[in-house]
Amino acid sequence: MLQLNYIRENKDEVLKRLAIKNFKDAETIINKVMELDNARRASQKEGDAIKAEANAIAKQIGELMKSGKKEEAEIQKAKTAELKQKEKQLDESLKGIEDEIHKLLVQVPNTPSTKVPAGKTPEDNEVVFEHGAKPTLPPGSVPHWELTTKYNLIDFELGVKLTGAGFPVYKGKGARLQRALINYFLDKATSAGYMEIQPPIMVNEDSGYGTGQLPDKEGQMYHVQIDNLYLIPTAEVPITNIYRDVILKESDLPIKNCGYTPCFRREAGSYGKDVRGLNRLHQFDKVEIVQIAHPDKSYETLEGMREFVAGILKELELPFRTLKLCGGDMSFASALTYDMEVWSAAQQRWLEVSSVSNFETFQTNRLKCRFKGADGKTQLAHSLNGSALALPRIVASLLENNQTPEGIKLPKVLVPYAGFEIIN
RNA sequence: GGAGAAGUGGCAGAGUGGUCGAUUGCGGCAGUCUUGAAAACUGUUGAGGGUCAUACCUCCGGGGGUUCGAAUCCCUCCUUCUCCGCCA
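Everything numeric in this text was worked out from a predicted model, so none of it was measured.

A. Region of the structure containing the overall build of chain A. Of regular secondary structure, chain A possesses 13 helices and 19 strands. Each principal axis of the C-alpha distribution contributes one length, and for chain A these read about 100 × 45 × 40 Å. Split by element, the accessible area of chain A, about 20700 Å² in all, is 50% carbon and sulfur. Averaging the locations of the 56 positively and 58 negatively charged side chains of chain A gives two centres separated by 1 Å.

This is the structure in C-alpha cells:
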C-alpha cells in the first residue's frame, strides 16, 4: 500500500510511475483519495476540538465534585450531552472516510522503480543476463512428465486419487531428489547469511493482509473456514509477517531470513500445456529468501539476491536467463522484479523458477515494519524476497536436460545430497 | 474439550472510576567522573494522527458498551498460565 503522505507530496510523480505499470484508473483514484484525505483532516480537526472541549469539562466536573460543589457539576454535565452526540457523529464520519481511503488505496499498485522498463506484456521484459548453452538432447528424449513415469519418480494419477489434480506423489528417487534439493537450497542460503526459519504453513487473516494476499487475492489461497486460516501460497507470507508491527533498530538491518515450506495455490483458471506435469501445481515445495533492508541499501540488496539465485542455477548446471520485468508484467506489490528462467530442453521453453523483488515500502507500510534511524526517527524499512528456489520446474529441467540413454545424470553438487549420481 | 486465573511501555511490575500516556526498577541513549572501560551520579527514553511549529486528539491484548469522566466497571473475542480430559 502506498503511503498517503507520499502521494500527497508527490502526486505527479506517483501518477507518472503508475502509468509505467499500465494502471489505468490511477488519476481517478488518486484524485479521489486526495479529496477524501482533505475531508479526513478537516473531520479530524473538528472532532479533536470537540473532544478537547469535552475533556476540559470532564476535568472541571471532577474538580467540582471533589470540592463538593455538586450543583455546579450538574450544570456542567448538562453541557456535555450535545458534545457527546457531535463527537459520536464525527467519529463515525471520520471512520467512514478512513475506510473509504483505505479501500481505494489498496487498489493502487506499487510505483515501479525508475529502473523498470516500460512495456505491457512478457515480450517487453528485458533480458539482462543469460548463462549456459541450451543442451541438444539425444534422439528419443521426452518431456519430464514422461520421464517421471518411466523412472517411477512422480505419480500424478495417484495424487489425483488421494487429493486431486496438481497434488503429485513423489516416490523413491523422486522423493529423495526433493529432499536433496531442499537441503541443498537451505544450505546455500544459510551459508550466505540467511537465518533459517521454519514457519507455520497456515496463517491468519492479519498475516494474509500484511503481505497483500488479502483482501483482493483471497481466491488464490486455500481457506480453512472452520478456523479461518489460510494455507500459505509462499513462505514469504509467514516470514515477512514476523516483522509486522515491529520497530527494528537500524543496526538490525539488513535482516536475512530463509525458509523451506510447502506452498499451496489454488491457481483457479489455468489450463493447457502450461499446467502439464510439474509446470504448475497446487502444492509444491520452495525455499524462500526474505530481507528487510535499509531504504538506502535495498537496491544493492536486490542485486545481491539476484546474484545469489544465479549462483545456485550455475551450480545446478542449468541454462538460465534473468529478466528485468517491464511495468506491465510486474506484480502488484513490486517496485522492481527480476525473474529467473531455466531452459526446459524437452519442452523447448523457458520456465520461471524464481522471482526476486524489491517492494520498497509497499509491504512494510501495511505491515508497519519500521526502524529507528540514527536521527531517532522511525521510518519504514524496505522488504525484499525471492525464491531460492521453487522445486518443481527445477526438477522438470534437471530431468529433461540431463536425460541420456543410460539414465538421468544429476549435477555434481546434488550428488552428496541425493546419495546417487544417476536415475535409471 | 471442561474448570479456574491473568493480559499495562523493550523487559519486570504498580495503578481498581477523576489532573494517568500512566509510579518505580531494569535495559537503551546522552552527559559528568576516568588515560580508557566499569562503577557511581545526572538527564533522557512508547506509538499514531494533527500543526509551519506549538496546542490538541487517539492508543493500557482486539472489538463493543456504561459514565460528564474508563487502564480501572460490563459484554464479547483472542492469547497466556494452572488443574482435569484427550493425544503425535
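After that view of the structure, there is still more to cover.
B. Just the environment of Ser-355, in detail. Along the polypeptide, Ser-355 turns up in strand S13 (residues 349–358). It is 9.0 Å that separates the C-alpha atoms of Ser-355 and Leu-389, two residues lying 34 residues apart in sequence. With sequence-adjacent residues up to four places away left out, Ser-355 is seen in contact with Thr-337, Tyr-338, Asp-339, Asn-385, Gly-386 and Ser-387. In terms of polar contacts, Ser-355 uses its side chain to reach the side chain of Asp-339, at 2.9 Å.

C. Structural detail: the packing of helix H2 (residues 11–20) against helix H3 (residues 26–66). The N-to-C vectors of H2 and H3 enclose an angle of 150°; their axes lie 10 Å apart at closest approach. The orientation of H2 relative to H3 falls into the category roughly antiparallel. Handedness of the crossing formed by H2 with H3: right-handed. Contact residues: Lys-11, Val-14, Leu-15 and Leu-18 in H2; Ala-26, Glu-27, Ile-30, Asn-31 and Met-34 in H3. Of the residues contributing to the contact of H2 with H3, the split by class is 6 nonpolar, 1 polar and 2 charged.

D. Quick peek at the nonpolar core. If you look at the biggest cluster of nonpolar residues, it comprises 62 residues, and the most contacted ones within it are Leu-181, Phe-185, Ile-289, Val-309, Leu-313, Leu-316 and Ile-394. When residues no more than four places from it in sequence are discounted, the contact partners of Ile-289 are Ala-189, Tyr-194, Asn-257, Cys-258, Met-305, Phe-308, Val-309, Leu-384, Asn-385, Gly-386 and Ala-388. Judged by nonpolar contacts, the second largest core, of 23 residues, contains Leu-15, Ile-29, Val-33 and Met-34.

E. Examining the protein's contact with RNA strand B more closely. Close to RNA strand B lie 22 residues; Arg-40, Gln-44, Asp-48, Ala-58 and Lys-372 are nearest. The protein-proximal atoms of RNA strand B, defined as those within 4 Å of the protein, are 67% sugar or phosphate. For RNA strand B, a sugar or linking oxygen lies 3.1 Å from a polar atom in the side chain of Arg-370. Between RNA strand B and Thr-378 there is a distance of 3.2 Å, counted from a phosphate oxygen to a side-chain nitrogen or oxygen. Here the surface near RNA strand B gets 14 residues from one element, more than from any other, and that element is H3. Looking at side-chain class alone, the surface near RNA strand B contains 5 nonpolar, 5 polar and 12 charged residues.

F. Up close: the confidence of the model for chain A. Of all residues in chain A, 98% have pLDDT values of 70 or greater, and the mean over the chain is 91. At the level of chain-chain contacts, confidence expressed as ipTM amounts to 0.85, with global pTM at 0.91.

G. Structural context of the sheet that holds strand S6 (residues 223–224). As summarised here, the arrangement of the 3 strands in space is S5-S7-S6, forming an open sheet in which the pairing is antiparallel. Whereas interior strands pair on both sides, the edge strands pair on one side only; in this sheet they are strand S5 (202–203) and S6. Pairing of S5 with strand S7 (residues 229–231), which is carried by 2 bridges, proceeds in the antiparallel orientation. Bridge pairing in S7 links Val-203 to Tyr-230.

H. Broad picture of a negative patch on the surface. Taken together, Glu-205, Asp-206, Glu-218 and Asp-245 make up a surface patch of like negative charges. With respect to the helices and strands, Glu-218 occurs in the loop between helix H8 (205–210) and S6. Classification of Glu-218 by relative accessible area gives partly exposed; the value is 34%.

Thresholds, definitions, all that
Residues numbered from 1 in each chain as written. Chains lettered and ligands numbered in written order. Predicted model: local features only at pLDDT ≥ 70, side-chain atom pairs only at ≥ 80, totals over all residues. Heavy atoms only, no water. Helix = DSSP H or I, 4+ residues; strand = E, 2+ residues; numbered from the N terminus. Areas by Shrake-Rupley, 256 points an atom, 1.4 Å probe, with all protein chains shown as cover. Lys, Arg positive; Asp, Glu negative; His and termini not counted. Charge placed at Lys NZ, Arg CZ, Asp CG, Glu CD. Contact = heavy atoms within 4.5 Å. Polar contact = N/O pair within 3.5 Å; in protein donor to acceptor, adjacent residues only side chain to side chain. Axes fitted to C-alpha atoms, helices over the stretch in contact; angles between N-to-C directions. Parallel < 35°, antiparallel > 145°, perpendicular 65-115°, else oblique. Left-handed = near helix turned anticlockwise from the far one by under 90°. Nonpolar A, V, L, I, M, F, W, Y, C, P; charged D, E, K, R; others polar. Core = buried A, V, L, I, M, F, W, Y, C linked by side-chain atoms within 4.5 Å. Buried < 20%, exposed > 50% of the residue type's maximum accessible area, 1.4 Å probe, protein only. Near = heavy atom within 4 Å. pLDDT = per-residue confidence, 0-100. Pairing = 2+ DSSP bridges. Patch = residues over 30% accessible without salt bridge, like charges linked within 9 Å, V, L, I, M, F, W, Y side chains within 5 Å. Salt bridge = Lys/Arg side-chain N within 4 Å of Asp/Glu carboxyl O.

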